[in-house]
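# Descriptive analysis of the structure
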Amino acid sequence: MIKVHIITQSEELPQMSCVNFFHSAELFRICEMTSGLSPFMAVAEEEGRVVAHMLGTLRRRGSLVPPYLFTQGRIYGEGEYEKGVNREEVFTMMFNRITHSMRRKRCLYIELSDLSQKMFGYKNLRQRGFFPVHWMEVHNSLHSMPPEERLDEKMKARIAHAREQGVEFRRVADYDEFRSFYRMLNRYMTLKVRRYLPPERMFWEMGQSENCRLFVTRWHQKTIGGCACICSGTSIYLWYLASKRKSHPILQPETATVWGAIDHAYQKHFRHIFFMDVGLPFKKSRFRDFILSFGGKEVSSYRWFFFTFPPINRLLTWIYKE
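Heads up: these notes are all about the structure in this document. For every chain, the first residue of the written sequence is number 1, and numbering continues from 1 onward in sequence order. With the structure being a predicted model, the display of local features is reserved for residues of pLDDT at least 70 and the display and counting of side-chain atom pairs for 80 or more, all residues being used for whole-chain, interface and lining totals. To get the side-chain values, take all heavy atoms of the structure and skip hydrogens and water.

On the surface, Leu315, Trp318, Ile319 and Tyr320 cluster together into a nonpolar patch covering about 440 Å² of accessible area. Each helix is a run of DSSP H or I of at least 4 residues and each strand a run of E of at least 2, with the numbering of both proceeding from the N terminus. Its place among the elements puts Leu315 in helix 9 (residues 310-319). Candidates for patches are residues over 30% relative accessible area with no salt bridge; among them, like charges are joined within 9 Å and nonpolar side chains (Val, Leu, Ile, Met, Phe, Trp, Tyr) within 5 Å. Per-residue and other accessible areas follow the Shrake-Rupley method at a 1.4 Å probe size, with only the shown protein chains counted as cover for residues. Between Lys or Arg on one side and Asp or Glu on the other, a salt bridge is scored when a side-chain nitrogen of the former is within 4 Å of a carboxyl oxygen of the latter.

What follows deals with helix 6 (residues 200-207). For every residue, the accessible area obtained with a 1.4 Å probe (protein chains only) is divided by the maximum for its type, and the residue is called buried under 20%, exposed over 50%, and partly exposed between those limits. Of the residues making up helix 6, those classed as buried are Met202, Phe203, Met206 and Gly207. Burial along helix 6 is one-sided: seen end-on, the buried residues are contained in an arc of 135 degrees. Throughout, the arc means that of the directions going from the helix axis to the C-beta atoms.

Applying the stated criterion across every chain, the model contains 15 salt bridges. In this structure, Glu111 and Arg74 form a salt bridge, with 3.4 Å as the shortest nitrogen-oxygen distance. With Glu111 in strand 6 (residues 109-113) and Arg74 in strand 4 (residues 69-76), the pair connects residues that are 37 residues apart, well separated along the chain. The same class applies to Glu111 and to Arg74, which are both buried. Measuring nitrogen to oxygen at the nearest pair gives 3.9 Å for the salt bridge that ties Glu205 to Arg201.

Looking now at unusual backbone geometry. Phi angles above zero are rare outside glycine, and Glu47 is one such case at about 55 degrees. By relative accessible area, which is 79% here, Glu47 ends up exposed. Even without being glycine, Asp114 reaches a positive phi, approximately 60 degrees. In this fold, Asp114 is placed in the loop between strand 6 and helix 3 (122-127).

Here we take up the nonpolar core. The set of buried Ala, Val, Leu, Ile, Met, Phe, Trp, Tyr and Cys residues whose side-chain atoms join them within 4.5 Å is what this entry labels a nonpolar core. Grouped together as the largest cluster of nonpolar side chains are 36 residues, with contacts concentrated most on Leu27, Met41, Leu185, Phe203, Met206, Trp239 and Tyr240. Listed by contribution, the elements that provide at least two residues to this core are helix 1 (25-32), strand 2 (37-46), strand 3 (49-62), helix 5 (175-190), helix 6, strand 9 (212-219), strand 10 (222-232) and strand 11 (235-243). Ranked by residues supplied to this core, first place goes to helix 5 with six residues. In this analysis, two residues are considered to be in contact whenever any of their non-hydrogen atoms come within 4.5 Å of each other. With sequence-adjacent residues up to four places away left out, Met41 is seen in contact with His5, Ile6, Ile7, Leu13, Met16, His23, Ser24, Ala25, Phe28, His53, Met54 and Leu55. Phe40, Val85, Phe91 and Leu125 belong to the second largest nonpolar core, which has 28 residues in total.

Taking burial as the measure, the five residues of strand 6 include five buried ones, the bulk of the element. Burial along strand 6 is two-sided: Tyr109, Glu111 and Ser113 and Ile110 and Leu112, pointing in opposite directions, are all buried. Think of it this way: DSSP has to see at least two bridges between two strands before they count as a pair. Relative to strand 6, strand 4 runs parallel, the two being bridged by five bridges. Bridging from a neighbouring strand, Gly73 pairs with Ile110 of strand 6. Examined bridge by bridge, strand 6 and strand 13 (residues 297-307) share four bridges and lie antiparallel to one another. Residue Ile110 lies in a different strand from strand 13, and its bridge partner there is Phe306.

With a 1 Å grid spanning the protein atoms alone, the term cavity applies to any set of points in which a 1.4 Å probe fits but cannot get out, the term pocket to an open set with protein on both sides within 12 Å along at least five of seven lines, and the term lining residue to any residue with an atom within 4 Å of a point. Grid points are joined across faces, edges and corners, and a volume is the space filled by probe spheres set on the points. Taken as a whole and assessed by the stated rule, the structure comprises one cavity of 30 Å³ or more. Together, 13 residues line the largest cavity, and Phe22, Leu27, Thr57, Tyr76 and Met202 are the ones closest to its centre. Of all the secondary structure elements, the ones that give two or more residues to the lining of the largest cavity are helix 1, strand 3 and strand 4. For the lining of the largest cavity, the class distribution of residues is 10 nonpolar, two polar and one charged. We call Asp, Glu, Lys and Arg charged. Ala, Val, Leu, Ile, Met, Phe, Trp, Tyr, Cys and Pro are nonpolar, and the rest, Gly among them, are polar.

What follows covers helix 2 (residues 87-104). Any helix carries an expected span of 1.5 Å times its number of residues minus one. Compared with an ideal rise of 1.5 Å per residue, which puts 18 residues at 26 Å, helix 2 spans 26 Å between its outermost C-alpha atoms and is within 8% of the ideal. Arg106 sits one or two residues past helix 2 and shows a positive phi near 60 degrees.

Bringing the side chain of Arg59 into the picture now. Structurally, Arg59 can be placed in strand 3. When charges are counted, Lys and Arg are positive and Asp and Glu negative, with His and the chain ends excluded. One buried charged residue, Arg59, forms no salt bridge at all, with the nearest opposite charge on Glu111 at 10 Å. Any N or O atom pair separated by 3.5 Å or less is treated as a polar contact, with the protein-specific requirement of one donor-capable and one acceptor-capable atom, and with residues adjacent in sequence counted only for side-chain atom pairs. Polar contacts involving the side chain of Arg59 include one to the main-chain carbonyl oxygen of Leu197, which spans 2.6 Å. The residues touching Arg59, leaving out its near neighbours within four places in the chain, are Gly36, Leu37, Phe70, Thr71, Gln72, Tyr196, Leu197, Pro198 and Pro199.

None of the figures reported here should be taken as evidence of function without further support.
Rendered as structure tokens:
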């Protein structure tokens, strides 16, 4: 019989196989040492053996409008499972325990994203009061052909022009370079309606891990772009992306950053690079079209939300009804 319990202290974590960085003991410890973050690890055990685990985080946040101070729950993906485990059944058990723990902490809302399959856990999530919002991702295959062969002549010319201008893409070299990248990313995210950016210390600690790679695009000692990537198995995930494309349009910083991430993934023999967030599936999207110009394909997904204030959750459920 499988039993699930919640762990909130790293010293209580059992031995378990961690391939997915978003559900790893390493990320748990990074969150634990970061002010304003509280990790929750749901561990499923059968006869004393860990058969699955799922990590969620609770973050204190502030806003310029009421409620000013609140907490937000966040879960990336459905967790990790041993072979032979009924994923849907155990996911339901772990997810219910994590969200119950988060709601006891009076969080304002909970978000679940990046499920491996669009319909995974659909029935249980609906029963728990979560509502889905259509979202878009872009997946690029790197193993069937070199990524350069997927580019059109216009994109190749843009990349070549950036190189000729002295634009350089590389991993973050030191803390000063990291700070310039984080400040740029923070300013970029401030303009977004859905602003979720991990705290600076958490980002820095993650950058020390081989499972998380922080990159900067530099020109004449200035940071004009950057991205954060997560490595998991044979795939790499582009998590955050920002550039100064409006202040340096001739340098193509956004193009140089995205191409740099793709080329790095290919050189390191990853089989795929996933762009985790290209936004809502509007008919016209400049950013989505831009990412697709590198030879990837669109993938429709769901992001699931739950607001703990019932009237708001009912209203949003009605607005986003399918």
